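Summary of structural features
Spelled out, the chains give:
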Amino acid sequence: MAAPLSVEVEFGGGAELLFDGVKKHQVTLPGQEEPWDIRNLLVWIKKNLLKERPELFLQGDSVRPGILVLINDADWELLGELDYQLQDQDSVLFISTLHGG
Amino acid sequence: MCEVGEDYAGPAPGEPPSTPRPGREQKCVKCKEGPPVVVIRAGDAFCRDCFKALYVHKFRAMLGKNRLIFPGEKVLLAWSGGPSSSSMVWQVLEGLSQDSAKKLRFVPGVIFVDEGAACGQSPEDRAKTLAEVKLILQTVGFPWHVVALEEVFNLTPSVLRCSARESSGAKGAYKAAVDSFLQQQHNLGADSNISPAQGEEQLDLPQTQAPLGPAEFPTASQTEALSRLFDSAKTLTAKEELLQTLRTHLILHVARIHGYSKVMTGDSCTRLAIKLMTNLALGRGAFLAWDTGFSDERHGDVVIVRPMRDHTLKEVAFYNRLFAVPSVFTPAVDTKAPEKASIHRLMEAFILRLQTQFPSTVSTVYRTSEKLVKAPREGCAASLSGPHCLLCMCALDIDTNDSATAFGAQTSLRLSQTSQTEAGMAIPSCCTADKGQDQSCCRVACRREDPSASVSEQLCYGCRVTMKDLPSPDTLPPYILAEAQLRSQRAWVMQEIQEYLIEDSDNEADTVQS
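Residues numbered from 1 in each chain as written. Chains lettered and ligands numbered in written order. Predicted model: local features only at pLDDT ≥ 70, side-chain atom pairs only at ≥ 80, totals over all residues. Heavy atoms only, no water.

Under the annotation held in an unreviewed UniProt entry, chain B carries the name Cytoplasmic tRNA 2-thiolation protein 2 isoform X1 and is attributed to Castor canadensis.

As annotated in an unreviewed UniProt entry, chain A carries the name Ubiquitin-related modifier 1 and is attributed to Castor canadensis. Here is the UniProt Pathway (unreviewed entry) comment for chain A, exactly as written: "tRNA modification; 5-methoxycarbonylmethyl-2-thiouridine-tRNA biosynthesis." Listed under Sequence similarities (unreviewed entry) in UniProt, the entry text for chain A is "Belongs to the URM1 family." (UniProt positions renumbered as here; feature names shortened; annotations may be inferred.)

Moving on: a nonpolar patch on the surface. Judged by side-chain polarity, V493(B), M494(B), I497(B), Y500(B) and L501(B) come together as a nonpolar surface patch covering roughly 480 Å² of accessible area. Examined against the element boundaries, L501(B) turns out to sit in the segment after α18 (478–496). (Patch = residues over 30% accessible without salt bridge, like charges linked within 9 Å, V, L, I, M, F, W, Y side chains within 5 Å. Areas by Shrake-Rupley, 256 points an atom, 1.4 Å probe, with all protein chains shown as cover. Salt bridge = Lys/Arg side-chain N within 4 Å of Asp/Glu carboxyl O. Helix = DSSP H or I, 4+ residues; strand = E, 2+ residues; numbered from the N terminus.)

Residue and element names in this part refer to chain B. The N-to-C vectors of helix α1 (residues 48–66) and helix α11 (residues 313–322) enclose an angle of 120°; their axes lie 11 Å apart at closest approach. With respect to their mutual orientation, α1 and α11 come out oblique. Considering the relative orientation of α1 and α11, their crossing is left-handed. In contact with R48, F51, K52, Y55, V56 and K58 of α1, α11 contributes E315, V316, F318, Y319 and L322. Grouping the amino acids of the contact of α1 with α11 by side-chain chemistry returns seven nonpolar, no polar and four charged. (Axes fitted to C-alpha atoms, helices over the stretch in contact; angles between N-to-C directions. Parallel < 35°, antiparallel > 145°, perpendicular 65-115°, else oblique. Left-handed = near helix turned anticlockwise from the far one by under 90°. Contact = heavy atoms within 4.5 Å. Nonpolar A, V, L, I, M, F, W, Y, C, P; charged D, E, K, R; others polar.)

At the interface, 35 residues of chain B touch 29 residues of chain A. Between D75(A) and K314(B) there is a salt bridge, with its nearest N and O atoms 2.7 Å apart. Summed over the shared surface of chain B and chain A, the number is 10 residue pairs in polar contact (both at pLDDT 80 or more). A per-element tally of the side of chain B that touches chain A places α11(B) first, with six residues. (Polar contact = N/O pair within 3.5 Å; in protein donor to acceptor, adjacent residues only side chain to side chain.)

This paragraph deals with the packing of helix α9 (residues 269–282) of chain B against helix α13 (residues 361–370) of chain B. Working note: a packed helix pair is described by the angle between its axes plus the distance between those axes. Residue and element names in this part refer to chain B. Look at α9 against α13: their axes get within 9 Å of each other, and the N-to-C directions meet at 70°. Judged by the inter-axis angle, α9 sits roughly perpendicular to α13. Listed contacts from α13 to C269, T270, A273 and L276 of α9 are V362, V365, Y366 and S369. Classifying every residue of the contact of α9 with α13 by side-chain character gives six nonpolar, two polar and no charged.

Let's shift gears to α18(B). Residues and elements named next belong to chain B. Its 19 residues place the ends of α18 27 Å apart at the C-alpha level, agreeing with the 27 Å of an ideal helix rising 1.5 Å per residue. Among all positions of α18, only Y479, I480, E483, A484, R487 and S488 are buried. Down the axis of α18, the buried set is contained in an arc of 160°. They therefore lie on one face. (Expected span 1.5 Å × (residues − 1). Buried < 20%, exposed > 50% of the residue type's maximum accessible area, 1.4 Å probe, protein only. Arc of directions from axis to C-beta.)

Time to look at the sheet that holds strand β6 (residues 74–75) of chain A. Residues and elements named next belong to chain A. If you walk across this open sheet you meet the five strands as β2-β1-β7-β5-β6, and the pairing is mixed. Two strands close off the open sheet at either side, each with one partner strand: β2 (24–29) and β6. Of the strand pairs in this sheet, strand β1 (residues 5–12) and strand β7 (residues 91–96) are connected by five bridges, and their pairing is parallel. Across the sheet, residue E8 finds its bridge partner in β7, namely S91. Across the sheet, helix α1 (residues 38–48) touches β1, β2, β5 (67–71) and β7, and the angle it forms with β2 is around 110°. (Pairing = 2+ DSSP bridges.)

With that settled, consider the state of the cysteines. Counting across every chain of the model gives zero disulfides over all chains. Distance from the sulfur of C392(B), which forms no disulfide, to the nearest cysteine sulfur (C460(B)) is 3.5 Å. (Disulfide = S-S within 2.5 Å.)

Turning our attention to the sheet that holds strand β8 (residues 303–305) of chain B. Residues and elements named next belong to chain B. What the six strands build is an open sheet, ordered β5-β4-β3-β6-β8-β7; its pairing is mixed. Looking at strand neighbours, the two that pair on one side only are β5 (144–148) and β7 (295–296), the edges of this open sheet. With two bridges joining them, β7 and β8 adopt antiparallel strand pairing. Pairing of S295 across the sheet is with V305, part of β8. Sitting on the sheet, helix α4 (residues 123–140) is in contact with β4 (107–114) and β5, with an inclination near 165° to β5.

In this section: the side chain of Q121(B). Topologically, Q121(B) is positioned in the loop between α3 (116–119) and α4. Setting aside its immediate chain neighbours within four residues, Q121(B) contacts G116(B), R126(B), T129(B) and P331(B).

All right, on to the packing of aromatic side chains then. Using the criterion set out here, one finds 11 aromatic pairs over all chains in the structure. Taking 5.8 Å as the distance between ring centres and 70° as the angle between the ring planes, the aromatic pair formed by F11(A) and F57(A) counts as edge-to-face. Placement of the pair is F11(A) in strand β1 and F57(A) in the loop between α1 and β3 (58–59), with a sequence separation of 46 residues. The class for F57(A) is buried, based on a relative accessible area of 0%. For the pair F51(B) and Y55(B), a centre-to-centre distance of 6.0 Å together with 55° between the ring planes defines the contact as tilted. Taken as a pair, F51(B) and Y55(B) lie in helix α1 at a separation of four residues, close to a single helical turn. Each member of the pair, F51(B) as well as Y55(B), is classed as buried. Members of the aromatic cluster, each reached through a chain of ring pairs, are F11(A), F19(A), F57(A) and F94(A). Here the guanidinium or amino end of K52(B) rests over the ring plane of F323(B), the centre of that ring lying 4.8 Å away. The ring of Y260(B) has K74(B) lying over it, and the distance from NZ or CZ to the ring centre is 4.8 Å. (Phe/Tyr/Trp six-rings, centres within 6.5 Å; stacked < 30°, edge-to-face > 60°. Lys NZ or Arg CZ within 6 Å of the ring centre and 35° of its normal.)

So, on to the confidence of the model for chain B. Residue and element names in this part refer to chain B. In this model, chain B carries a mean pLDDT of 79, and residues with pLDDT of at least 70 account for 73%. Taken together, the stretch residues 7–12 has pLDDT below 50 and engages in four contacts with residues farther than four places along the chain or on a different chain. Predicted complex, confidence summary: ipTM 0.94, pTM 0.82. (pLDDT = per-residue confidence, 0-100.)

Quick look at α9(B) now. Note: α-helices contain 3.6 residues per turn, so residues at a spacing of three or four share the same orientation. Residue and element names in this part refer to chain B. Its 14 residues place the ends of α9 20 Å apart at the C-alpha level, agreeing with the 20 Å of an ideal helix rising 1.5 Å per residue. As for α9, its buried residues are in contact with α8 (236–257), α10 (288–292), α11, α12 (343–357), α13 and α17 (461–468). Positive phi appears at G283, one or two residues downstream of α9, with a value of about 90°.

Our focus in this paragraph is the environment of C31(B). You can see C31(B) is positioned in the segment before β1 (36–40). Sequence-distant contacts of C31(B), that is, excluding residues within four places in its chain, are made with C47(B) and C50(B).

The subject of this paragraph is unusual backbone geometry. Here D20(A), not a glycine, exhibits a phi torsion of approximately 65°, which is positive. You can see D20(A) is positioned in the loop between β1 and β2. With a phi close to 60°, K336(B) is a non-glycine residue in the positive phi region. Following the sequence through the fold, K336(B) ends up in the loop between α11 and α12.

Quick look at the structure:
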């Protein structure tokens, strides 16, 4: 049983266009049976934050190739990618590298 | 940067290799002390400081290895506001302010091209973006130029002509130039004298906003003409190619009138790998070395240089985030476009998806592009003598006898014939010529009446394919049409007086290097 978590979700590099242009979102994830990991977070984001064009942000289980994920300013590859378990007050940043040059 | 480790004993094709994921418990692979923050390539975790050192080193090494930028040279930095070019501008800024031994030694300027009209942005959004842009440009402090893409309607045909430049000479020239520059600095006294002088110089140089005209903002008619041009393009692929071409011409023009001999663009490793594959699909395979190499000398006097070509997009994004590099987000023609909207998008999705499963994809394509050699045709260097494409200024690769490239030639011929019959004009009887020159003869007469054929045959294969998606060439900016007209008239005159010319050597364009 996971307690409600408060995390900051941020979007950059053009990804914010899919979220009404809002870059920073302070979200409170409700308590639920399974612990919150990035996989669940993505599902939650798709349902609650994503305003349009989910295929430009998500691909299957994970983010679209070309979107970087930083958890507390560190590469998510170091933390287990989708399986990383979120802690309270974590900061998750999604940067789209596909835009601009 | 030893990349031996990347030649992995590959798993069976089709199976993603199970690289062991580096964990947080690991230490930085370089200094073995700090906590790792980013994973580069496959499995190399770096701490913040080592990452910064690696990043900066790559930039310097790319410039130093190629030895193309001479001390004191004026270099124009093409800044789009995006992450890669912002990172490049930041690297130059930091590099110039370093201690004397490792200082970068050229004189930079920055150009920003406002492409809002091509992307359909409203004037308010464009003004907002420009305000952000100017703020950052003032922070950076180099002389800057903000130019709207509409200025292409003010360009003259001279931008399409390659002017020869004084060749930089033998290999020793670079070292000699550096030595003499250092000697000059030494003679002028302590290094501290130089920096404030440079700073004053930067303040004195005019911060030009609209170098091509007195008006600050483009006129509404120009904006409308540009929108019309881009709206008439039938495919997104053609739009993107056209945008790139016009942008290059504009930057070239600004570089020439302000005396910049080099232009730096922020193309990253990932982008160049995608560009290489995209250009193959677009029919520009002959020019890959120029389009994706470090230096691009096809314009003659202005050389385009790509110092960021060793940095992947991931490294750029991380660096910008970790070290707070300012950038401006500007929507482009392909923002929010679906995956199959254009060849560029499709190739991007393909490469990036492949990269997630096979992490050495991008670096392999990049290393292949490094090996591409610019082979001049028939030994003529930089081929200023041969005909060049009107738009991309590469040596023309169309050969009427070669079946593959003749396709493009035939298409333009058919175009001119169909448009003439539609106009109710009989096809002139000169088309039944017996000499081998019949195609060009027919084109000559038809050309005068049909502008689209006269433009098409001045283009290389890749540009012809792009031009096919533009229904009418009248929407093109006047300088392109004028130059096309001039060249075809010149060709016609050449042909007319051919028999009176004393030919010294047969200029056969038939020996195609393949």
